[in-house]
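One-letter residues, chain by chain:
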Amino acid sequence: MTFYPTDRLALFIDGANLYSAAKGLGFDIDYRKLLEEFRTRGVLVRAYYYTALVEDQEYSPIRPLVDWLDYNGFRLVTKPAREYTDAQGRKRWRGDMDVEIAVDMLEMAAHADHLVLFSGDGDFRCLVEAVQRKGARVTVVSTVKSQPPMASDDLRRQADHFIDLSDLADIIGRPSRLPRFIQESRTGADREADAEA
């Protein structure tokens, strides 16, 4: 990664996009480690996390993460998800955060030297170009190693740097969250295999 110790950094995390990319690579993000890693890379000015929330649900699986991020150094940007019905008649939720990310990146370009965008969405290519015209460098973090690839080729070409999320898995990944009995049975099977060898 090309970061300078004096760089003023700002992180822009498209929550849904990063979640999908990490799941495609088979790991979970440890947001504490992510923040710590980029704090060692320069002067972290701001870390934004963007997500849409379903408001009328009693429990949302993303709520604990959102609350934790809000109390632990991230600037949370949320909006209500909109419900729609897909072609098969199933209820779905949509919550595009592209405009919010674009506005914040354009505003932060005057206050940061290096902007890091955690998204592979090709719609951000023009945004990256506009931020670069303001004098900021842009690194895109996503992946081309998942099936299908999550990073747009146009976005990768436009960015000053591209980091494949798979290269960060050991640095910002969280250990397996498999239930203990599955972990123990796998460990037991591994021991048996080693004994036979």
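Structure: above.
None of these values were measured; they are calculated from a predicted model.

In this structure, what is going on with the overall build of the protein chain? I would like to understand it.
A tally of helices and strands in the protein chain yields 8 helices and 10 strands. Every one of the 197 residues in the protein chain was classed for burial, and the buried ones make up 40%. Of the accessible surface of the protein chain, which amounts to about 11500 Å², a share of 47% is contributed by carbon and sulfur atoms.

Can you help me understand unusual backbone geometry in this one?
Only a minority of non-glycine residues have a phi that is not negative, and only a minority of peptide bonds are not trans. The amide bond that connects Gln147 to the next residue, Pro148, takes the cis arrangement and shows omega of 0°. Residue placement: Pro148 occurs in the loop between strand S8 (137-142) and helix H6 (153-158).

What's the story with the pattern of salt bridges in this structure? I'm lost.
Any two side chains of opposite charge can pair, so long as their charged atoms come close to each other. Applying the stated criterion across every chain yields a total of 12 salt bridges. Of the charged contacts in the structure, one is a salt bridge between Lys79 and Glu100, with a shortest N-O distance of 3.4 Å. One end of the pair, Lys79, is in strand S4 (residues 75-80); the other, Glu100, is in helix H4 (residues 98-108), and 21 residues separate them in sequence. One salt bridge connects Arg156 with Asp153, and the closest N-O pair in it is separated by 3.7 Å. With Arg156 and Asp153 both in helix H6 and 3 residues apart, this pair spans about one turn of that helix. We classify Arg156 as partly exposed; its relative accessible area is 32%. Owing to a relative accessible area of 37%, Asp153 belongs among the partly exposed residues under this scheme. One network of salt bridges, with partners in common, ties together Lys23, Asp28 and Arg174.

Explain the nonpolar core to me, please; I cannot follow it from the model alone.
Inside soluble globular proteins, nonpolar side chains tend to come together where they are buried. In terms of nonpolar packing, the biggest core is built from 27 residues, with Ile29, Leu34, Phe74, Phe118 and Leu165 touching the most fellow members. Counting residues per element, the ones that place at least two in this core are strand S1 (8-14), helix H1 (15-25), helix H2 (31-41), strand S3 (43-53), helix H3 (63-71), strand S7 (114-118) and helix H7 (165-172). Those residues in contact with Phe74 that lie beyond four places of it in its chain are Ile13, Tyr31, Leu35, Ala47, Tyr49, Trp68 and Leu69.

Explanation requested: the sheet that holds strand S9 (residues 161-164) in the structure shown.
Strand pairing within a sheet occurs via backbone hydrogen bonds; the two strands may be parallel or antiparallel. Read across the sheet, 6 strands follow the order S4-S3-S1-S7-S8-S9 without closing on themselves; strand pairing throughout is parallel. Only two strands of the sheet have a single partner each, and these edge strands are S4 and S9. Here the strands of the sheet are splayed against their neighbours by 15° on average, with no regard to which way each runs. When S1 meets S7, the two strands line up parallel, connected through 5 bridges.

How should I be thinking about helix H5 (residues 125-133) in this particular structure?
Every buried residue belonging to H5 is among Leu127, Val128, Ala130, Val131 and Gln132, and all of these are buried. As for H5, its buried residues are in contact with H4, S7, S8 and H6. Phi turns positive, to about 100°, at Gly135, one or two residues after H5.

Teacher, can you tell me more about the packing of aromatic side chains here?
Two aromatic rings are characterised by how far apart their centres lie and by the angle between their planes. Applying the stated criterion across every chain, the model contains 6 aromatic pairs. On the basis of an interplanar angle of 15° and a centroid distance of 5.1 Å, the ring pair of Phe12 and Tyr48 is categorised as stacked. Of this pair, Phe12 sits in strand S1 while Tyr48 sits in strand S3; the two residues are 36 residues apart in sequence, bridging distant segments of the chain. In terms of burial, Phe12 and Tyr48 fall into one category: buried. Judged by centre distance (5.6 Å) and plane angle (90°), the ring pair of Tyr31 and Tyr49 falls under edge-to-face. Placement of the pair is Tyr31 in helix H2 and Tyr49 in strand S3, with a sequence separation of 18 residues. Given the relative accessible area of 8%, Tyr31 is considered buried.

Conventions used here
- Residues numbered from 1 in each chain as written.
- Predicted model: local features only at pLDDT ≥ 70, side-chain atom pairs only at ≥ 80, totals over all residues.
- Heavy atoms only, no water.
- Helix = DSSP H or I, 4+ residues; strand = E, 2+ residues; numbered from the N terminus.
- Buried < 20%, exposed > 50% of the residue type's maximum accessible area, 1.4 Å probe, protein only.
- Areas by Shrake-Rupley, 256 points an atom, 1.4 Å probe, with all protein chains shown as cover.
- Salt bridge = Lys/Arg side-chain N within 4 Å of Asp/Glu carboxyl O.
- Core = buried A, V, L, I, M, F, W, Y, C linked by side-chain atoms within 4.5 Å.
- Contact = heavy atoms within 4.5 Å.
- Pairing = 2+ DSSP bridges.
- Axes fitted to C-alpha atoms, helices over the stretch in contact; angles between N-to-C directions.
- Phe/Tyr/Trp six-rings, centres within 6.5 Å; stacked < 30°, edge-to-face > 60°.

Read these as geometric descriptors, not functional statements.
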